[in-house]
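# Summary of the model geometry
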Amino acid sequence: MENRKPVDILDHLTGGGTTAISFGQLNMDFTLRVPSFVGTCLSVVTADLNRHFDVLRLRGHGTALILYYFEAEPDVHPLAVSRPLEEAHTATLYRVPAQDRTPEAAGADRLVVDERFDLHGFARQSGINALGIGEGGGRVHAGRARMLQIITRPLAPPGERQVTEVPAELRRLREHAWSGPYPTLTALMAEPEGFSVVDAAPPPGGFAVWGVGNTDINQHVTVTEYLMDMENHFYLLLNLAGLPLREHRITRTRCLFRKPYFPGMRYRVQGRLYRRGDRSRWQGGLYEVDAEGGSAPRPSVFGCYEGEFSQAQG
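As the structure is a prediction and not an experimental result, all values here were calculated from the model. All chains use their own residue numbering, which begins from 1 and follows the written sequence. The predicted nature of this model means local features are confined to residues of pLDDT at least 70 and side-chain atom pairs, given and counted, to a pLDDT of 80 or more, with totals for whole chains, interfaces and linings taken over all residues. Note that the side-chain values use all heavy atoms of the structure and ignore hydrogens as well as water.

### Details of the pairing of strand β2 (residues 64–74)
The cut-offs for exposure are 20% and 50% of the maximum accessible area for each residue type, with area from a 1.4 Å probe on protein chains only; residues under the lower value are buried, those over the upper are exposed, and the others partly exposed. Strands here mean DSSP runs of E at least two residues long; helices mean DSSP runs of H or I at least four residues long; both are numbered from the N terminus. The buried fraction of β2 amounts to ten of the eleven residues, a majority that puts the element mostly inside the structure. Note: β2 against strand β5 (residues 139–152), ten bridges, orientation antiparallel. Of the residues in β5, the one forming a bridge with Pro 74 is Gly 143. Across four bridges, β2 lies against strand β9 (residues 248–257) in antiparallel orientation. Along β9, the bridge assignment pairs Glu 71 with Arg 254. Note on pairing: DSSP must find at least two bridges between two strands before they are called paired.

### Quick look at unusual backbone geometry
Even without a glycine there, the phi angle at Asp 54 is positive, about 55°. Along the chain, the position of Asp 54 falls in the loop between α1 (36–53) and α2 (55–60). In this structure Asp 54 comes out as partly exposed when scored by relative accessible area, which is 33%. Despite not being glycine, Ser 82 shows a phi value in the positive range, around 70°. Residue position: Ser 82 is located in the loop between β2 and β3 (84–96).

### Quick notes on the pairing of strand β4 (residues 110–122)
Residues in a regular strand point their side chains to alternate faces of the sheet. Taken across its 13 residues, β4 has ten buried, putting it largely inside the fold. Pairing of β3 with β4 involves eleven bridges; the strand directions are antiparallel. The partner of Tyr 94 across the bridge, within β4, is Val 112. Summarising the sheet, β4 and β5 pair through eleven bridges and their orientation is antiparallel. Within the sheet, the bridge partner assigned to His 120 lies in β5 and is His 141.

### Brief notes about α1
Its 18 residues place the ends of α1 25 Å apart at the C-alpha level, agreeing with the 26 Å of an ideal helix rising 1.5 Å per residue. If you check which residues of α1 are buried, you get Ser 36, Phe 37, Val 38, Thr 40, Cys 41, Leu 42, Val 44, Val 45, Asp 48, Leu 49 and Phe 53. Asp 54, located one to two residues past α1, shows a positive phi value of around 55°. Expected span of a helix, by definition, is 1.5 Å for each gap between consecutive residues, and there is one gap fewer than residues.

### Side note on the side chain of Glu 169
With respect to the helices and strands, Glu 169 occurs in the loop between β5 and β6 (175–177). As used in this structure description, the phrase polar contact means that two N or O atoms lie within 3.5 Å; if the pair is within protein, one of them must be able to donate a hydrogen and the other to accept it, and residues adjacent in sequence are counted only when both atoms belong to side chains. Separated by 2.8 Å, the side chains of Glu 169 and Arg 57 make a polar contact. Two residues form a contact once any of their heavy atoms are found within 4.5 Å. With sequence-adjacent residues up to four places away left out, Glu 169 is seen in contact with Phe 53, Asp 54, Arg 57, Leu 58 and His 61.

### Considerations on the packing of aromatic side chains
Ring pairs are drawn from Phe, Tyr and Trp, using the six-membered ring of Trp, whenever the two centres fall within 6.5 Å, and their geometry is named by plane angle: stacked under 30 degrees, edge-to-face over 60, tilted for the rest. Under the defined criterion, the tally for this structure stands at twelve aromatic pairs. Aromatic side chains Trp 178 and Tyr 182 sit 5.3 Å apart centroid to centroid with 80° between the ring planes, which places their arrangement in the edge-to-face category. For Trp 178, a relative accessible area of 10% puts it in the buried group. Each member of the aromatic cluster is reached from another via a ring pair, and the members are Trp 210, Tyr 226, Phe 257, Tyr 261 and Tyr 267. If you follow Arg 83 out to its NZ or CZ, it ends over the ring of Phe 122, 4.4 Å from the centre. Cation placement over rings: the criterion is NZ of Lys or CZ of Arg within 6 Å of the ring centroid and within 35° of the ring normal.

### Let's talk about helix α5 (residues 223–240)
Helix length check: α5, at 18 residues, gives a terminal C-alpha distance of 26 Å against a target of 26 Å (1.5 Å per residue), a fit within 8%. Among the residues of α5, Val 223, Tyr 226, Leu 227, Asp 229, Met 230, Glu 231, His 233, Phe 234, Leu 237 and Leu 238 are the ones counted as buried. In this fold, the buried residues of α5 make contact with α1, β2, β9, β10 (266–276), β11 (279–288) and β12 (301–309). Phi for Gly 242, located one or two positions after α5, is positive at around 75°.

Following this line, the structure appears as structure tokens:
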């Protein structure tokens, strides 16, 4: 009789990696820019998933892990450029029934990989005139993030994209039943308690168009483009409200990616600005624009950006 080695089943995938902090990952305060979390975290966890489960082979069959939910919290510690950025992650496979996603949901279960990230770097020591050059001091916390990636067939015809059975490449990662709230558009769009709406809005009617330069190898517009469009709209409304942008920093970002965009599609960003003392909040999304210039009733992408001023503004 053939002796077979028992299959090693993992409850969770835990791992990490180290990269050098590059010029474009930090803002002028030397803290992590929100889009930097995407590339930094996904590159390390994807490499780890491929080492254990061969997700590149899975992609070769037309199945991929596509980002559905993103959350990031940059920390306040200035980081040294070219010093290590350490990433630690935990990835867990969940089956999410339709009724757990929202009471009105229909269709099959979703298979979701829930990924949690913690980032550390080294403290910047040089003054501003060094323009980023410096040895760096002790190890400091750089931020944390969470991503939900849905296992799907993104290029399959509508109705055939959902994956309801764990692919062979991922069966060594134990499937868990989902518990707790599932991120939904309804929850993100809820009015924030204790905040007041700030009267600020750009002129109506404008829109933008996506091109090939906005895309990635998943064959649609890449996530970081959405993040920057929403973040820029946050800044626009702060500016229109006469609030000091240099004294403002983003503390938390949460985003849902419902429908992808493709080259040639028109869209506009629509959002509202809120304020409570020295805290700010932007809620809005990217809406597809039709040939007559009208916005779709529901956003393709929606986000909540929280921020604060270095001192309360009157």
